[in-house]
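Below, each chain spelled out in residue letters.
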Amino acid sequence: MSTVSEPVSLSAPRGADAGLTPKQLADKYGLAVSGRRPGLFAYSKQLWARRHFIWAFATARLVAQYTDAKLGQVWQVVTPLLNCAVFYLVFGEILKNKDDNPYYIAWLCIGVFIFQFTQNAVQSGTRAISDNLGLIRALHFPRASLPIAFTVIQLQQLLISMVVLFAVVLMNGIEPSRTWILVIPALVLQSMFNTGVALIFSRIGAKTSDISQLIPFAMRAWLFLSGVMYSISDKIKEWPEFWQRVMELNPASVYIDLVRHALAPVIYNKHEKVFLEFPPHQWKYGIAWGVVMLVIGYVFFWKAEEEYGRG
């Protein structure tokens, strides 16, 4: 009497692996679900391992950014200077803000350069995921690499522009000071803040692409509320104390003030030494904003790691 043998599955494990369940096989060979979000510590370790990729990606994007322009990389410096020229014409000459400050040009340029660093980091971070879906779907890497890389691009641009900014400060009659070294920790703290905000808006922008259309308007409002072209403290003296406190905590104003005080702690008006007033708590605000926003942004972005590039 003939017997019918059961069909043999070609995909079933054989040999030493025969009879093992898929879970047992995965545990035996150290396999994991593709795209599964790793733990926060493991994710940070993977991100650190990609640090060279982040720097190379940022540098390549920076070089390619102006390849079609005849002036090339010169636009990295020309753009903020043109913004300074426009603001000087409107707020310095027409609205007469320069009359109360003989060093208004340097004061204005510092504000424009520093604010533009944050503005560009937020705007580019918002599109970091949505504009790079092809790369995300083709390669496996921590997605936080992209918004961090775009923040690095803006930092590289700022560092190039700082050469011109120092020249503007000197030409405006402000002498070099030992406090210039404080520009370094100020920019480090601002970079931490920018990275955190870029991570937050990267996750939001990945799900809601329309946010990129609203960001320019929000940035413009933030610009006018941050004392870039005029002194905010002089404009809010009559405001309720609560709102004065809110304006004082504005992170853009905090980092602008840190750099302004670092570059020009002492100015000379008709050979008379004038010390600029600087609240010492601004450094505390700068540290708090940098650390808190970086941690919040990093965790917020990591929470949705499995979702980027899908759908």
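Residues numbered from 1 in each chain as written. Predicted model: local features only at pLDDT ≥ 70, side-chain atom pairs only at ≥ 80, totals over all residues. Heavy atoms only, no water.

## Observations regarding the overall build of the protein
Move 1: Regarding its fold elements, the protein presents 13 helices and two strands.
Move 2: In the protein, which comprises 311 residues, the share counted as buried stands at 41%.
Move 3: Put simply, of all contacts in the protein between residues at least 6 apart along the chain, 78% involve residues at least 24 apart.
Move 4: Total accessible area on the protein is roughly 17900 Å²; 64% of this is exposed by carbon and sulfur atoms. (Helix = DSSP H or I, 4+ residues; strand = E, 2+ residues; numbered from the N terminus. Buried < 20%, exposed > 50% of the residue type's maximum accessible area, 1.4 Å probe, protein only. Contact = heavy atoms within 4.5 Å. Areas by Shrake-Rupley, 256 points an atom, 1.4 Å probe, with all protein chains shown as cover.)

## A look at helix α9 (residues 211–224)
Move 1: Spanning 14 residues, α9 covers 20 Å between terminal C-alpha atoms, matching the ideal 20 Å at 1.5 Å per step.
Move 2: By the burial criterion, the buried members of α9 are I211, I215, M219, W222 and L223. Taken down its axis, α9 places every buried residue within 115° of arc, on the same side. Across α9 from its buried face, at more than 90 degrees, point the exposed residues Q213, L214 and F217.
Move 3: In this structure, the buried side of α9 is in contact with α4 (75–94), α5 (104–126), α8 (183–207) and α12 (251–263). (Expected span 1.5 Å × (residues − 1). Arc of directions from axis to C-beta.)

## Details of the side chain of E305
Move 1: Mapping E305 onto the fold places it in the segment after α13 (281–302).
Move 2: Buried and unpaired, E305 has no salt bridge, with R143 as the nearest side chain of opposite charge at 4.4 Å.
Move 3: Looking at E305, its side chain comes within polar contact range of the side chain of Y43, at 2.7 Å.
Move 4: In this structure the side chain of E305 is engaged in a polar contact, spanning 3.0 Å, whose partner is the backbone nitrogen of R143.
Move 5: Contact partners of E305, with chain neighbours within four places excluded, come to R37, Y43, F141, P142, R143 and A144. (Lys, Arg positive; Asp, Glu negative; His and termini not counted. Salt bridge = Lys/Arg side-chain N within 4 Å of Asp/Glu carboxyl O. Polar contact = N/O pair within 3.5 Å; in protein donor to acceptor, adjacent residues only side chain to side chain.)

## Quick word on the pattern of salt bridges
Move 1: Overall, the coordinates contain three salt bridges when judged by the stated rule.
Move 2: A salt bridge links R127 to D131; the nearest nitrogen and oxygen atoms lie 3.6 Å apart.
Move 3: Given the relative accessible area of 36%, R127 is considered partly exposed.
Move 4: The partner of E307 in a salt bridge is K207, and the shortest N-O contact between them spans 3.5 Å. Note that E307 is positioned in the segment after α13 and K207 in helix α8, a separation of 100 residues in sequence.

## Focus on the packing of α8 against α12
Move 1: Where α8 meets α12, the closest approach of the two axes is 9 Å, and the angle between their N-to-C directions is 165°. It follows from the interaxial angle that α8 and α12 lie roughly antiparallel. Of the two possible hands of crossing, α8 and α12 adopt the one that is left-handed. Contact residues: V183, A186, L187, L189, Q190 and F193 in α8; P251, Y255, L258, V259, A262 and L263 in α12. (Axes fitted to C-alpha atoms, helices over the stretch in contact; angles between N-to-C directions. Parallel < 35°, antiparallel > 145°, perpendicular 65-115°, else oblique. Left-handed = near helix turned anticlockwise from the far one by under 90°.)

## With respect to the UniProt feature "transmembrane region" (unreviewed entry) in the protein
Move 1: Here, UniProt's "transmembrane region" (unreviewed entry) annotation points to residues 74–91, 103–123, 144–174, 180–202 and 283–302.
Move 2: End C-alpha to end C-alpha, residues 74–91 measures 26 Å, and it is 94% helix and 0% strand. (UniProt positions renumbered as here; feature names shortened; annotations may be inferred.)

## Points about the nonpolar core
Move 1: Judged by nonpolar contacts, the single largest core of 51 residues is most densely connected at M229, V259 and L263.
Move 2: Within the residue set of this core, elements represented by two or more residues are α4, α5, α7 (145–171), α8, α9, α12 and α13.
Move 3: Take this core: its biggest share by element is 11 residues, from α5.
Move 4: If near-sequence neighbours (up to four positions away) are discounted, M229 is found in contact with F87, F91, N97, Y104, W107, L108, L223 and F224.
Move 5: Grouped together as the second largest cluster of nonpolar side chains are 23 residues, Y43, A128, L199 and W302 included. (Core = buried A, V, L, I, M, F, W, Y, C linked by side-chain atoms within 4.5 Å.)

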